[in-house]
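Observations on the model geometry
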Amino acid sequence: MAEQTHVLFVEDDDVIREATQLALERDGFAVTAMPDGLSGLEAFRANRPDIALLDVMVPGLDGVSLCRRIRDESTVPVIMLSARADSIDVVLGLEAGADDYVTKPFDGAVLVARIRAVLRRFGHAGGSDRTEIAEDPVTGAVLTFADLEVDTEGMEVRRAGQPVALTPTEMRLLLEFSSAPGTVLSRDKLLERVWDYGWGGDTRVVDVHVQRLRQKIGQDRIETVRGFGYKLKA
């Protein structure tokens, strides 16, 4: 039998926590559910899950702070849950290192689809739907852009000879830009290729990750083309 994908789920609402845990378990996931951020951090360190699903507003240690703590220790994928689509909490969660977010109330099937999409990007299987990760957009070469080197085979990045630590989502984003330097990539195209969205998504996910990537590889390396998207300077 294939090994189950382990989800850490942190949610303080008892009804939502129990119902979501049951739904995820029915879809083949193993779930550790915790009611607050501090117990969630302890469970993360004890169990090292394949993915973390964090509600923004949990007691003790809020979801954004918990995401930062997890990101300090691991590149495990993180999805934030927010009660409001227009909340600043969404951006704060992404800036803290989350890979995606889902707005509450959410449909169980949509949540499972988003979890599996994130897991595919990270090379994990998703519950009962075991899917191999797609090939990278660029393979077998070290690409150089001024002082930036992208090793597409070793999945390593160096800036001025120094290693740059990227999360898997940031690495995939950079690989997309590196595969077509000088070409404008729209936010929708990046959502499709990097986040595996088969539907329209919130482009703030793209904008925040581009901002995080710029901080690591150089603010002027990725150019904004207003009204169209972004491009990597060749």
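Before reading further, recall that the structure is shown in the block above.
The structure reproduced in this document is the subject of the present report. This is a predicted model, so every value here is computed, not measured.

Focus: the overall build of the protein
When helices and strands are tallied, the protein shows eight helices and eleven strands. The buried share of the protein, taken over its 234 residues, is 48%.

A few points about the sheet that holds strand 9 (residues 162-164)
Across the sheet, which stays open at both edges, the four strands sit in the order 6-7-8-9 with antiparallel pairing between neighbours. What marks the edges here is a single partner per strand, and that holds for strand 6 (142-145) and strand 9. Going from strand to strand, the sheet's axes swing by 25° on average, the running direction of each strand aside. For strand 7 (residues 148-151) and strand 8 (residues 156-159), the ladder comprises four bridges, and the chain directions are antiparallel. Along strand 8, the bridge assignment pairs E149 with R158.

Side note on the environment of D55
The topology assignment puts D55 in strand 3 (residues 51-55). Judged by its relative accessible area of 3%, D55 falls in the buried class. Remark: the alpha-carbon pair of D55 and I79, spanning 24 residues in sequence, is separated by 8.6 Å. In contact with D55, not counting residues within four places along its chain, are V10, E11, D12, G63, L81 and K104. Separated by 3.1 Å, the side chains of D55 and K104 make a polar contact.

Quick look at the environment of A30
Counting through the fold element by element, A30 comes out in strand 2 (residues 30-34). A30 sits 22 residues away from L8 along the chain, and the two C-alpha atoms are 8.7 Å apart. If sequence neighbours within four positions are ignored, A30 has contacts with Q4, T5, H6 and V7.

Description of the pairing of strand 7
Moving residue by residue along a regular strand, the side chains alternate between the two faces of the sheet. Inspection of the sheet shows strand 6 paired to strand 7 by four bridges, in the antiparallel sense. Bridged to L143 within strand 7 is V150. What sits between strand 6 and strand 7 in their antiparallel hairpin is a turn of two residues, with A146 showing a positive phi close to 55°.

Here we look at helix 5 (residues 108-122)
Taking 1.5 Å of rise per residue, 15 residues should cover 21 Å, and helix 5 covers 21 Å from first to last C-alpha, within 8% of that figure. Taken together, the buried positions of helix 5 are occupied by L111, V112, R114, I115, R116, A117, V118, L119, R121 and F122. For helix 5, the elements touching its buried residues are helix 1 (14-26), strand 3, strand 4 (78-82), strand 5 (100-103), helix 6 (168-179) and helix 7 (187-194). For helix 5, the N-terminal cap is D107; the gap from its side-chain oxygen to the backbone nitrogen of A109 is 2.9 Å. Backbone geometry just after helix 5 places G123 at a positive phi near 85°.

Re unusual backbone geometry
Going from K104 to P105, the amide bond is cis rather than trans, its omega being -5°. Relative to the helices and strands, P105 resides in the loop between strand 5 and helix 5. Backbone geometry places A146, a non-glycine residue, at a positive phi of 55°. As for its position among the elements, A146 is in the loop between strand 6 and strand 7. What makes A146 exposed here is its relative accessible area of 62%. Notably, M155 is not glycine yet its phi reads approximately 55°, a positive angle. Among the structural elements, M155 can be located in the loop between strand 7 and strand 8.

So, the sheet that holds strand 4
Taken together, the five strands give an open sheet; going across it, the order is 2-1-3-4-5, and neighbouring strands pair in parallel fashion. One side of each edge strand has no neighbouring strand; the edge strands of this open sheet are strand 2 and strand 5. Between one strand axis and the next, the sheet turns by 20° as a mean value, whatever way the strands run. One ladder, built from four bridges, connects strand 1 (residues 6-10) with strand 3; its direction is parallel. Considered in strand 3, the bridge of F9 is made with L53.

How each quantity is defined
Along each chain, numbering runs from 1 in the same order as the chain's sequence is written. In view of the model being predicted, local features appear only for residues whose pLDDT reaches at least 70, and side-chain atom pairs are presented and counted only at 80 or more, with totals across whole chains, interfaces and linings using the full set of residues. Side-chain calculation: all heavy atoms of the structure are included, whereas hydrogens and water are not. Elements are defined by DSSP. Helices are runs of H or I of four residues or more, strands are runs of E of two residues or more, and each kind is numbered from the N terminus. Each residue's exposure class comes from its accessible area (1.4 Å probe, protein chains only) as a fraction of the maximum for that residue type: buried when under 20%, exposed when over 50%, partly exposed otherwise. At least two bridges found by DSSP between two strands is the condition for calling them paired. Lines fitted to the C-alpha atoms define the axes, with helices restricted to the stretch that makes contact. Angles between their N-to-C directions range from 0 to 180 degrees. When checking whether two residues touch, look at their non-hydrogen atoms; a contact exists if any pair is within 4.5 Å. Under this definition, polar contacts are N or O atom pairs within 3.5 Å; protein pairs additionally need one hydrogen-donor-capable and one acceptor-capable atom, and for neighbouring residues in sequence, both atoms have to be side-chain atoms. The length a helix should cover is 1.5 Å for every residue beyond the first.

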